[in-house]
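Chain and residue survey
Next come the chains, spelled out residue by residue.
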Amino acid sequence: MFIWIGFLVLVAALLALDLGVFNKDSHTISAKEALRWTGVWVTVSLLFSIFIYFAYENHWVHEDGAPMSGQKAVITYLTGYLVEQSLSVDNIFVIAVIFTYFRIPQKYQHRVLFWGIIGAVLFRGLMIVVGSALLHRFSWITYIFGAILLYTSYRMLTQKDHDEDVEVDKNPLVVLAKRFFPVTDQFHGEKFFIKIDHVTAATPLFIALLVVETTDILFAFDSIPAIFAITTDPFLVFTSNIFAILGLRSLYFVLASMLDKFQYLRYSLVVILAFVGIKMCLVHHIDLPEWLSLAVIAVSLAAGILPSLPAVLQQRREEAKNSIREVEPEKAEEGI
């Protein structure tokens with residue numbers, strides 16, 4: 001119990017530092033800043049694997065069934081983290097569509113994502129608790145989870161446009177919110193609610209937050225079964241999932257403008273989902289080693305990212321050249 005409480009305190013402290021200290025004032029997140037924060041979150045996630053090793057090697061964490069060695073726990077944790085991080089990429093597509101639809105200014109996007117992450121942590125924690133209990137009570141649930149993942153991989157393979165998944169006007173929470181709160185047409189800084197003639201009204205920022213939350217819930221129905229295909233250990237499932245979510249915000253600002261260039265990445269996600277789905281369907285018949293899952297996921301991601309890198313780098317070079325051309329005339333005018 002102390003291990004769980006300690007992890008939750010760590011997450012709360014990291015989030016408090018993020019919003020209360022480093023991102024206290026709303027500002028536009030540059031690609032350089034986002035890349036730096038992505039490195040910070042990835043480093044923290046990897047450093048946590050050291051704790052995982054000692055926690056399982058010394059049996060600090062309560063384990064159901066046979067004890068897990070520290071090495072096996074680390075490989076399982078990293079595999080789960082990679083799965084959740086890779087599946088988050090598809091979520092980034094949808095978040096980009098939501099922000100575009102609501103015309104959310106860039107300097108407020110971090111705030112929406114921050115509170116969206118808080119809701120995601122709470123809801124996914126609940127889903128993991130329920131899913132773990134179901135798997136331990138009804139072993140045949142694994143077949144249902146496996147079928148969900150296989151269907152998701154098929155849907156992702158045949159899906160033509162990510163915009164089709166986002167029907168903002170039909171979102172149930174948005175419809176419900178508009179029944180209980182008047183909604184303003186304009187932004188009021190970073191506020192989610194304002195008072196107008198003693199009446200509380202929601203801003204477009206809050207409506208965007210609702211859509212981000214509900215779409216994350218939909219993605220959780222795919223990602224939670226995927227992590228259970230790797231392990232049913234609640235602590236490893238929860239920690240790998242949460243660290244992947246915590247890095248989603250900075251990863252969004254790094255990749256949002258370049259995702260359309262990673263044209264093969266979708267097929268990598270299809271392969272990963274299909275693999276973990278098949279593994280879950282065969283879990284009671286074939287025992288696949290943890291390192292094999294980690295290898296398949298890592299190779300799949302590399303196969304989807306590396307062929308697209310030349311196009312992405314070319315785009316970045318062109319953007320840099322255009323920015324230089326825009327600055328030079330301004331300097332010339334100042335000289336005149």
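Bear in mind that the values here come from a model prediction, so they are computed numbers and not experimental data.

What counts, and at which threshold
- Here the residue index of a chain counts from 1 through its sequence in written order.
- Confidence filtering applies because this is a predicted model: local features only for residues at pLDDT of at least 70, side-chain atom pairs given and counted only at 80 or more, and all residues used for totals across whole chains, interfaces and linings.
- Values shown for side chains rest on all heavy atoms present in the structure; no hydrogens or waters enter the calculation.
- In this description a helix means any DSSP run of H or I spanning at least four residues, a strand means any run of E spanning at least two, and both kinds are numbered starting from the N terminus.
- Each residue gets one of three labels from its accessible area relative to the maximum for its type: buried under 20%, exposed over 50%, partly exposed in between, using a 1.4 Å probe on protein chains only.
- The contact criterion used throughout is that any non-hydrogen atoms of two residues lie within 4.5 Å.
- Buried Ala, Val, Leu, Ile, Met, Phe, Trp, Tyr and Cys residues that are joined via side-chain atoms within 4.5 Å together make up what is termed a nonpolar core.
- To estimate the expected span of a helix, count its residues, drop one, and scale the result by 1.5 Å.
- In the analysis that follows, any N or O atom pair within 3.5 Å is treated as a polar contact, provided that within protein one partner can donate a hydrogen and the other can accept it, and provided that, for residues neighboring in sequence, both atoms belong to side chains.
- For helices, the axis comes from a line fit to the C-alpha atoms of the stretch in contact; other axes are also lines fit to C-alpha atoms, and the angle between any two N-to-C directions lies between 0 and 180 degrees.
- What sets the label is the angle itself: under 35 degrees gives roughly parallel, over 145 gives roughly antiparallel, 65 to 115 gives roughly perpendicular, and the rest give oblique.
- Crossings are classed by handedness, with left-handed meaning an anticlockwise turn of the near helix from the far one by less than a right angle and right-handed meaning a clockwise turn.
- Throughout this entry, Asp, Glu, Lys and Arg are counted as charged residues, while Ala, Val, Leu, Ile, Met, Phe, Trp, Tyr, Cys and Pro are counted as nonpolar. The remaining residues, Gly among them, count as polar.
- Geometry of aromatic contacts follows a simple scheme: Phe, Tyr and Trp rings, the Trp one being its six-membered ring, pair when their centres are within 6.5 Å, and the pair is stacked under 30 degrees between planes, edge-to-face over 60, tilted otherwise.
- Any Lys or Arg side-chain nitrogen found within 4 Å of a carboxyl oxygen on Asp or Glu counts as a salt bridge.
- Strand pairing is defined by DSSP finding a minimum of two bridges between the two strands.
- Confidence scores per residue from the predictor, reported as pLDDT, run from 0 to 100.
- In this analysis, a patch consists of residues with relative accessible area above 30% that form no salt bridge, clustered at 9 Å for like charges and at 5 Å for the nonpolar side chains Val, Leu, Ile, Met, Phe, Trp and Tyr.
- For accessible areas, the Shrake-Rupley method is used with a probe of radius 1.4 Å. Any residue's cover is judged against the shown protein chains and nothing else.

In this section: the overall build of the protein. Assigned secondary structure in the protein consists of 12 helices and two strands. In sequence order, the secondary structure elements of the protein are arranged as α-α-α-α-α-α-β-β-α-α-α-α-α-α. Per-residue burial over the protein gives 47% buried out of 336 residues. The long-range fraction of contacts in the protein, counting pairs at least 24 apart against all pairs at least 6 apart in sequence, stands at 79%.

The next point concerns the nonpolar core. Grouped together as the largest cluster of nonpolar side chains are 89 residues, with contacts concentrated most on Ile52 and Tyr56. When residues in this core are grouped by element, the largest group, 16 residues, is from helix α7 (residues 204-230).

Now for helix α8 (residues 234-246). Helix length check: α8, at 13 residues, gives a terminal C-alpha distance of 18 Å against a target of 18 Å (1.5 Å per residue), a fit within 8%. Burial of α8 is extensive: 12 of the 13 residues sit out of reach of the surface. Buried within α8 are the following residues: Phe235, Leu236, Val237, Phe238, Thr239, Ser240, Asn241, Ile242, Phe243, Ala244, Ile245 and Leu246. The backbone nitrogen of Phe235 has a side-chain oxygen 3.0 Å away, supplied by the residue at the start of α8, namely Asp233.

Helix α10 (residues 265-281) packs onto helix α5 (residues 141-158) with a crossing angle of 160° between their chain directions and a minimal axis gap of 8 Å. In terms of orientation, α5 and α10 fall into the roughly antiparallel class. By crossing handedness, the relation of α5 to α10 is classed as left-handed. Across the interface between the two elements, Thr142, Tyr143, Phe145, Gly146, Ala147, Leu149, Leu150, Thr152, Ser153, Met156 and Leu157 of α5 pack against Arg266, Tyr267, Leu269, Val270, Leu273, Ala274, Val276, Gly277, Ile278, Met280 and Cys281 of α10. For the contact of α5 with α10, the class distribution of residues is 16 nonpolar, five polar and one charged.

A few words now on the packing of aromatic side chains. Tallied over the full model, the rule gives 16 aromatic pairs. With a centroid separation of 5.4 Å and 40° between ring planes, the pair formed by Phe48 and Phe51 is classed as tilted. Here Phe48 and its partner Phe51 are both found in helix α2 (residues 31-57), three residues apart, which amounts to about one turn of the helix. Seen in terms of ring centroids, Phe48 and Phe243 are 5.1 Å apart; in terms of plane orientation they differ by 55°. Their pairing is tilted. Taken together, the residues span a long stretch of sequence, with Phe48 in helix α2 and Phe243 in helix α8 at a distance of 195 residues. Taken together, the aromatic side chains of Trp4, Phe7, Phe48, Phe51, Trp60, Tyr77, Phe235, Phe238 and Phe243 make up a single cluster linked through ring pairs.

Under the 1.5 Å per step criterion, the end-to-end length of α10 is 25 Å for 17 residues, consistent within 8% with the ideal 24 Å. Most of α10 sits out of view: 12 of its 17 residues are buried. Among the residues of α10, Leu265, Arg266, Ser268, Leu269, Val270, Ile272, Leu273, Phe275, Val276, Gly277, Lys279 and Met280 are the ones counted as buried.

Turning next to the pattern of salt bridges. A full pass over the atoms with the stated rule returns two salt bridges. A salt bridge links Arg111 to Glu190, with the nearest nitrogen and oxygen atoms 4.0 Å apart. With Arg111 in helix α4 (residues 106-137) and Glu190 in the loop between α6 (172-180) and β1 (193-196), the pair connects residues that are 79 residues apart, well separated along the chain.

Time to look at the pairing of strand β2 (residues 199-202). Pairing geometry for β1 and β2, over four bridges, is antiparallel. What sits directly across from Lys195, in β2, is Thr200.

The next thing to look at is the side chain of Ser240. Along the polypeptide, Ser240 turns up in helix α8. If we ignore the near neighbours within four places in the chain, the residues touching Ser240 are Tyr77, Gly80, Tyr81, Glu84 and Ile227.

Right, let's get into the confidence of the model for the protein. Mean pLDDT for the protein: 77, with 80% of residues reaching 70 or above. Within the protein, the element-level pLDDT minimum falls on helix α12 (residues 309-335), averaging 62, and the maximum on α8, averaging 88.

Our focus in this paragraph is unusual backbone geometry. Despite not being glycine, His59 has its phi angle at roughly 60°, a positive value. If you trace the backbone, His59 turns up in the loop between α2 and α3 (70-102).

There is a patch of nonpolar side chains on the surface, built from Leu126, Val130, Leu134, Phe138, Trp140, Tyr143, Ile144 and Ile148 and spanning about 680 Å² of accessible area. Sorting the residues of the nonpolar patch by element identifies α4 and α5 as the ones contributing at least two each. Of note, Trp140 is situated in the loop between α4 and α5. You can call Trp140 partly exposed: its relative accessible area is 46%.

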